[in-house]
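Reading the structure
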There are 2 protein chains.
Amino acid sequence: MNGTLMIIGGGEDRTGSMDVLKRFVELAGGPTQPIAVITAASTVPDDVWGMYAKAFAELGVPGATHVRIERRAEAEDDMLAHRVAQARGIFMTGGDQRRLAATLGGTQLERAMRQAYLDGGACIAGTSAGASALCTHMLSEGKAELAPEKGAARLAAGLGFVSRVIIDQHFSQRHRINRLLSAIAQSPFLLGAGIDEDTALIVRDDGIEVAGTGNVTVVDCRRSRTNVADIRAGAVPEMLDVRLHLLPAGSHFSTAGDDAPLADFISYLTDRN
Amino acid sequence: MNGTLMIIGGGEDRTGSMDVLKRFVELAGGPTQPIAVITAASTVPDDVWGMYAKAFAELGVPGATHVRIERRAEAEDDMLAHRVAQARGIFMTGGDQRRLAATLGGTQLERAMRQAYLDGGACIAGTSAGASALCTHMLSEGKAELAPEKGAARLAAGLGFVSRVIIDQHFSQRHRINRLLSAIAQSPFLLGAGIDEDTALIVRDDGIEVAGTGNVTVVDCRRSRTNVADIRAGAVPEMLDVRLHLLPAGSHFSTAGDDAPLADFISYLTDRN
């Protein structure tokens, strides 16, 4: 039984209606199911945990587990890994995706997450840095203010729950379309997905859905024409025929309909590896 | 002999290397040719004129003409219209495009501009509000901060030098992609072109070119799928298969090559009416 992915663009509401977090709890099977919160992306894990502990308590979760890992060795702990493997909801908080990937990648804890996801049907959620880290090719840093720029976005190895799609977060709020285009101009066989704050892209076996209050923007350069290979670093590439899809909250698309514009995007996301 | 259009995204350099203004003077036939500056978009026409008078003087233009029109009746002046018809470079400054269209549209002065353009081979330039006003369907106002919104962008009747394309300006600097998408979601048979500051889209009979320091972004919803007709005003439309083209400064495309991604965009622009 495959689980669910919940790719959250950061800044999800934690004090008001908490629609995104509420949805996470539902996808985990309800408030009585075991939930684990991984704060490894953050340099202030206790503060972050405090915030989520409060939010989940308000949502009726009796006791979520704080997976507090600062060093890689801690992610090899058997007891902790066992606990994560049993969780039905695993939530990775924000911080720095490089810290998260470096701490968890290839450890027992990561294997436990994968086991929970692939065998236990768990919901794996990541917000902000936690969302970026879900990817095989993780957008790790970069800035492209007014236009895409060759080399502006850096990729690093991520946790690999999502392949062939690069995730960016805080997308509209931080005007990151140029950063994401910089990344896919260079790697046009990957699709790009920008997730707004307080917004989740939910991936199930049978399709995808956008929840929360913002939008998901998908960019696709697979059939584009660009001169990016020929220009110097920092220059703006010519890009013709970029395809863009805007999926507002409330959108859902099933895996049926092979020739639809989003068919490949959905198939890349739902392809478990 | 058809003239040239120079569609400038505002904020063109007026004190340094002045590449965009220099190019305008060249397209007008050089500094000794008659140049007219129309400040009708502005509520401080004398200040704006002062700035351009200085810039053109520095570029070796001996005496540009200030076309200072505050009321529609002034645009029916025979002498002034004659002077504009003789100009080889006509530059419309920034301000408010609604003021510009309301003051000039359908007047003798507008006919004089068209005569200079179609018969005299003049270069017609517009910057900022002056750029928007070149269109038949003029983007007159609107704001869409984080996402396209139904009804966020308003169209008004413009001067009609450019048909089937909606121009927006200060494009990347003011993050206006959502405003432009709002407009073309509603009117998908029109193409959208967003011009950055200090950047000009130059339209000649044989093709288009981007000059200056920024980029031109073209958006095309003609083959898109959207629910915009079914949602309430202010809601975010689902938009699938929007095509986007990024043309950096230095790009040029000829009218040859019918199946190229930009063929229709070029043909719409070069189609004189």
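1. Observations concerning the sheet that holds strand S15 (residues 252–254) of chain A
Residue and element names in this part refer to chain A. Strand order across the open sheet formed by eight strands is S3-S2-S4-S5-S1-S10-S11-S15, with mixed pairing between neighbours. This sheet does not close on itself; its edge strands, each paired only once, are strand S3 (65–67) and S15. Shown here is a sheet whose adjacent strand axes are inclined to one another by a mean of 15°, direction ignored. Note that strand S2 (residues 35–38) and strand S4 (residues 89–92) share four bridges and pair parallel. Directly across from Val 37, in S4, lies its bridge partner Phe 91.

2. Re the packing of aromatic side chains
Across all of its chains, the model carries twelve aromatic pairs over all chains by this definition. Plain terms: the ring middles of Tyr 117 of chain B and Phe 161 of chain B are 5.6 Å apart, the flat faces sit at 70° to each other, and that makes the pair edge-to-face. Of the two residues, Tyr 117 of chain B is situated in helix H5 (residues 108–118) and Phe 161 of chain B in the loop between strand S7 (153–157) and strand S8 (165–168); the sequence distance between them amounts to 44 residues. We classify Phe 161 of chain B as buried; its relative accessible area is 2%. Aromatic rings pair up to connect Phe 24, Tyr 52, Phe 56 and Phe 91 of chain A into one cluster. Taking the ring centre of Phe 161 of chain A as reference, the NZ or CZ of Arg 114 of chain A above it sits at 4.5 Å.

3. Structural notes on the side chain of Asp 241 of chain A
One can find Asp 241 of chain A in strand S14 (residues 239–248). By relative accessible area, which is 15% here, Asp 241 of chain A ends up buried.

4. Quick notes on the pattern of salt bridges
Residues and elements named next belong to chain A. Evaluated as defined, the whole model comprises 38 salt bridges over all chains. Lys 54 is the partner of Glu 58 in a salt bridge, and the nearest nitrogen-oxygen pair spans 3.5 Å. One end of the pair, Glu 58, and the other, Lys 54, are both in helix H2 (residues 45–58), four residues apart, so they sit about a helical turn from each other. Take Glu 58: its relative accessible area is 48%, and that puts it in the partly exposed class. A salt bridge links Arg 204 to Glu 209; the shortest N-O distance between them is 3.2 Å. For Arg 204, a relative accessible area of 26% puts it in the partly exposed group.

5. Observations concerning the pairing of strand S1 (residues 4–8) of chain A
Regular strands have side chains that alternate between both faces of the sheet. Residues and elements named next belong to chain A. Counted residue by residue, S1 has five buried out of five residues, so it is predominantly covered. Here S1 shows two buried faces, one formed by Thr 4, Met 6 and Ile 8 and the other by Leu 5 and Ile 7. The pairing of S1 with strand S5 (residues 123–127) spans five bridges and is classified as parallel. Bridge pairing in S5 places Ile 7 opposite Gly 126. Across four bridges, the pairing between S1 and strand S10 (residues 199–204) is antiparallel. When the bridges of S10 are listed, Leu 5 appears paired with Val 203.

6. Observations concerning the interface of chain B and chain A
Facing 27 residues of chain B, the contacting portion of chain A comprises 27 residues. Around 2,400 Å² of area is buried between chain B and chain A when both sides are counted, 62% of it from carbon and sulfur atoms. Of all residues in chain B, Leu 146, Leu 244 and Leu 246 of chain B bury the most surface against chain A, accounting for 23% of the area lost on that side. Connecting chain B to chain A are two salt bridges. Across the salt bridge formed by Arg 243 of chain A and Asp 241 of chain B, the nearest N and O atoms sit 3.3 Å from each other. At the surface where chain B touches chain A, the tally comes to twelve residue pairs in polar contact (both at pLDDT 80 or more).

Each value, and the rule that gives it
Sequence positions are assigned chain by chain, starting from 1 and proceeding in written order. Ligands are numbered from 1 and chains lettered from A, in the order in which they are written. Note on the predicted model: pLDDT of at least 70 is required for a residue's local features to be given, and 80 or more for side-chain atom pairs to be given and counted; whole-chain, interface and lining totals, by contrast, use all residues. Hydrogens and waters are ignored; side-chain quantities use all the structure's heavy atoms. When DSSP locates at least two bridges between a pair of strands, those strands are taken to pair. A run of DSSP states H or I qualifies as a helix once it reaches four residues; a run of E qualifies as a strand once it reaches two. Both are numbered from the N-terminal end. Between the N-to-C directions of two axes lies an angle of 0 to 180 degrees, each axis being a line fitted to C-alpha atoms and, for a helix, fitted only over the stretch in contact. Centre distance within 6.5 Å is the pairing criterion for rings of Phe, Tyr and Trp, where only the six-membered ring of Trp is used; planes under 30 degrees apart are then read as stacked, over 60 as edge-to-face, and the remainder as tilted. Burial status follows relative accessibility: with a 1.4 Å probe on protein chains alone, a residue under 20% of its type maximum counts as buried, one over 50% as exposed, and anything between as partly exposed. Sitting over a ring, as applied to charges here, requires NZ of Lys or CZ of Arg to be within 6 Å of the ring centre and within 35 degrees of the ring normal. For this document, the term salt bridge refers to a Lys or Arg side-chain nitrogen within 4 Å of an Asp or Glu carboxyl oxygen. Every residue pair with non-hydrogen atoms within 4.5 Å of one another is taken to be in contact. A quick way to say it: buried area is the sum, across both parts, of accessible area lost when two parts are put together, with a 1.4 Å probe. Within 3.5 Å is the distance limit for a polar contact, defined as a pair of N or O atoms, with the added protein rule that one can donate a hydrogen and the other accept it, and that residues adjacent in sequence qualify only through two side-chain atoms.

Read these as layout, nothing more, since geometry by itself doesn't imply function.
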